[in-house]
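# Per-entry structural report
What follows is the residue order along each chain.
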Amino acid sequence: MTLKWGVLGAGSVAQRRAMPAIQKATGAELHALFSRDAARAKQLAAEHNATTSYSSVDDLLSDTELDAIYVSTPVNLHCKQVIAAAERGLHVLCDKPMALTPQECEQMIDACNANDVHLQVCFLFRFHSCFQQIKAWVDENRLGQIVHGRMPFLKKYLLTANEWRAQPDKGGGGCLMDLGPHSVDLLRYLIGEVTEVSAFCDSTIHNYQVEETGGILMRFQNGAQGFTDLSFSVAQCDIVLELYGTEGAVSVINDDGWKIHTYFDGEKQVTASQYEDLYQYQFEHFAECIATGTAPIASGNDGLKANIILSAAYQSARTGQVIQCT
């Protein structure tokens, strides 16, 4: 079964990663894309071998040949556009963060359920073989009881005043909202449900309207603690993930490619990982879910849970209080 995809929001990420991945993926075909500028839309369609292009969202969603929509627009548009796609019977892959608020996430899930369409959220790290292996080790109790997890997501990314990520009403926040969904979701995927959150946010270097640096401390239902440190303003960070348990430890380091460092039974080992196109894996998994009814690796409910944690983090940063995640 081959799904014909429409790309809603053919920006830089879609151009560099998503649309090339659709072309490579088994069970996927790039049928149409949207850009507000008609000439630009036509040019991008030619560059990425899309069948057609649109400069109107409604025209894109009304294309009767489409099976699925990849939503890669500013966050404030996700809820309205996902609901509109669902109401036209289109399956949806929504970029992270899923929406501005948990309430919007719930509306999106309800719309997809009501129209019997498939919904996934772009939590790409879940698809990497490193984290699939670590998840298997956790489930097999190789690490014993998990005590602590950490995922730093620190990079240099200078915001410009006119881009949507720099505008709180469009992006919902800064590094916590842009980078945090990945790390919060992966820690939850590996460790379990989050019950409490404490956080700090700052923008002391560039004085953006949104936070450029922040940290989220999470307490998990199983007693573990986790931390994600996030920033747009650091020169470099090689640590991808650290996970510590009573019987073992695992870390993933970016050192000329990702390497898994393990400590099991008193022995240390290092295993190298090759480059993996996580977008390609994601689109192929999406097609498999549609064809077989397989439950998605990253569901709409996972998007909602991450949004609840992020909402609690912002509340904690504002009030200085520990916030319950319910």
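In this report, we go over the structure that sits alongside the text.

Conventions we followed
Residues numbered from 1 in each chain as written. Predicted model: local features only at pLDDT ≥ 70, side-chain atom pairs only at ≥ 80, totals over all residues. Heavy atoms only, no water. Helix = DSSP H or I, 4+ residues; strand = E, 2+ residues; numbered from the N terminus. Rg over C-alpha atoms; globule rule 2.2 N^0.38 Å. Buried < 20%, exposed > 50% of the residue type's maximum accessible area, 1.4 Å probe, protein only. Areas by Shrake-Rupley, 256 points an atom, 1.4 Å probe, with all protein chains shown as cover. Lys, Arg positive; Asp, Glu negative; His and termini not counted. Charge placed at Lys NZ, Arg CZ, Asp CG, Glu CD. Disulfide = S-S within 2.5 Å. Phe/Tyr/Trp six-rings, centres within 6.5 Å; stacked < 30°, edge-to-face > 60°. Lys NZ or Arg CZ within 6 Å of the ring centre and 35° of its normal. Pairing = 2+ DSSP bridges. Axes fitted to C-alpha atoms, helices over the stretch in contact; angles between N-to-C directions. Contact = heavy atoms within 4.5 Å. Right-handed = clockwise from strand over helix to strand, strands pointing away. Salt bridge = Lys/Arg side-chain N within 4 Å of Asp/Glu carboxyl O. Core = buried A, V, L, I, M, F, W, Y, C linked by side-chain atoms within 4.5 Å. Polar contact = N/O pair within 3.5 Å; in protein donor to acceptor, adjacent residues only side chain to side chain.

Per the secondary structure count, the protein includes 11 helices and 16 strands. Relative to its length of 326 residues, the protein is compact, with a C-alpha radius of gyration of 20 Å against a globular reference of 20 Å. Along the first, second and third principal axes, the C-alpha atoms of the protein reach 55 × 40 × 40 Å. The buried share of the protein, reckoned over its 326 residues, is 55%. Counting only carbon and sulfur atoms, one obtains 46% of the accessible surface of the protein, whose full area is about 14400 Å². Looking at charge distribution, the protein has the averaged site of its 24 positive side-chain charges lying 4 Å from that of its 38 negative ones.

Turning our attention to the state of the cysteines. Under the counting rule described, the total for this entry stands at 0 disulfides. The cysteine Cys 94 is free of any disulfide, with Cys 122 supplying the nearest cysteine sulfur at 7.1 Å. The buried category is assigned to Cys 94, whose relative accessible area is 0%.

Here we take up the packing of aromatic side chains. Taken as a whole, this structure holds 9 aromatic pairs when the rule is applied. Aromatic rings pair up to connect Trp 5, Tyr 70, Phe 283 and Phe 286 into one cluster. Just above the ring of Tyr 189 sits the side chain of Lys 135; from NZ or CZ to the centre is 5.1 Å.

Right, let's talk about the environment of Asn 113 for a bit. Position of Asn 113 among the secondary structure elements: in helix H5 (residues 102-114). According to the relative accessible area criterion, Asn 113 is exposed, its value standing at 56%.

Okay, the sheet that holds strand E2 (residues 28-34) next. Ordered in space as E3-E2-E1-E4-E5-E6, the 6 strands form an open sheet in which the pairing is parallel. If you trace the sheet from one side to the other, it starts and ends with strand E3 (52-54) and strand E6 (119-121), each paired once. Between one strand and the next, the sheet's axes are offset by a mean angle of 25°, whatever the strand orientation. In this structure, E2 lies alongside E3, joined through 3 bridges in parallel fashion. From the neighbouring strand, Leu 33 faces E3, where its bridge partner is Ser 53.

Time to look at the environment of Gly 248. Here Gly 248 is to be found in strand E13 (residues 248-254). Residue class for Gly 248 comes out buried when judged on its relative accessible area of 4%. The sequence separation of Gly 248 and Glu 267 amounts to 19 residues, and the corresponding C-alpha distance is 9.5 Å. Setting aside residues up to four positions removed in sequence, Gly 248 forms contacts with Arg 142, Leu 143, Leu 243, Tyr 263 and Phe 264.

Buried residues dominate strand E1 (residues 3-8), accounting for 5 of its 6 residues. With 6 bridges joining them, E1 and E2 adopt parallel strand pairing. Within E2, the residue paired with Gly 6 across the bridge is Ala 32. Crossover handedness for the path E1 to helix H1 (residues 12-24) to E2: right-handed. In this sheet, strand E4 (residues 68-71) lies alongside E1 in parallel orientation, the contact comprising 4 bridges. Looking at the pairing, Trp 5 lines up with Ala 68 of E4.

For the structure shown, the criterion picks out 14 salt bridges. For Arg 126, the salt bridge is made with Asp 302, and the minimal N-O distance between the two is 3.4 Å. Of this pair, Arg 126 sits in the loop between E6 and helix H6 (129-139) while Asp 302 sits in helix H11 (residues 300-319), and the two are 176 residues apart along the sequence. In this pair, the class of Arg 126 matches that of Asp 302, namely buried. A single salt-bridge network, built from bridges that share partners, covers Arg 126, Asp 185, Arg 188, Glu 193, Asp 302 and Lys 305.

Here we come to the nonpolar core. The nonpolar side chains of a soluble globular protein tend to be buried, and buried together. Within the largest apolar cluster, 81 residues are counted, with the highest numbers of intra-cluster contacts made by Ile 69, Phe 131, Ile 134, Val 197, Ile 216, Met 218 and Leu 241. Per-element tally for this core: the top contributor is H11, with 8 residues. Not counting chain neighbours up to four residues away, the residues in contact with Phe 131 comprise Phe 125, Leu 186, Leu 190, Val 240, Leu 241, Val 252 and Trp 258. Formed by 29 residues, the second largest nonpolar core is a distinct cluster that contains Ala 41, Ala 45, Ala 68 and Tyr 70.

Following the sequence through the fold, His 31 ends up in strand E2. Residue classification places His 31 among the buried positions, given a relative accessible area of 3%. Looking at His 31, its side chain comes within polar contact range of the side chain of Asp 63, at 2.9 Å. Beyond its immediate stretch of four places on either side in the chain, His 31 contacts Lys 4, Trp 5, Ala 50, Thr 51, Thr 52, Asp 63, Glu 65 and Leu 66.

Don't take any of this as a statement about function, it's just geometry.
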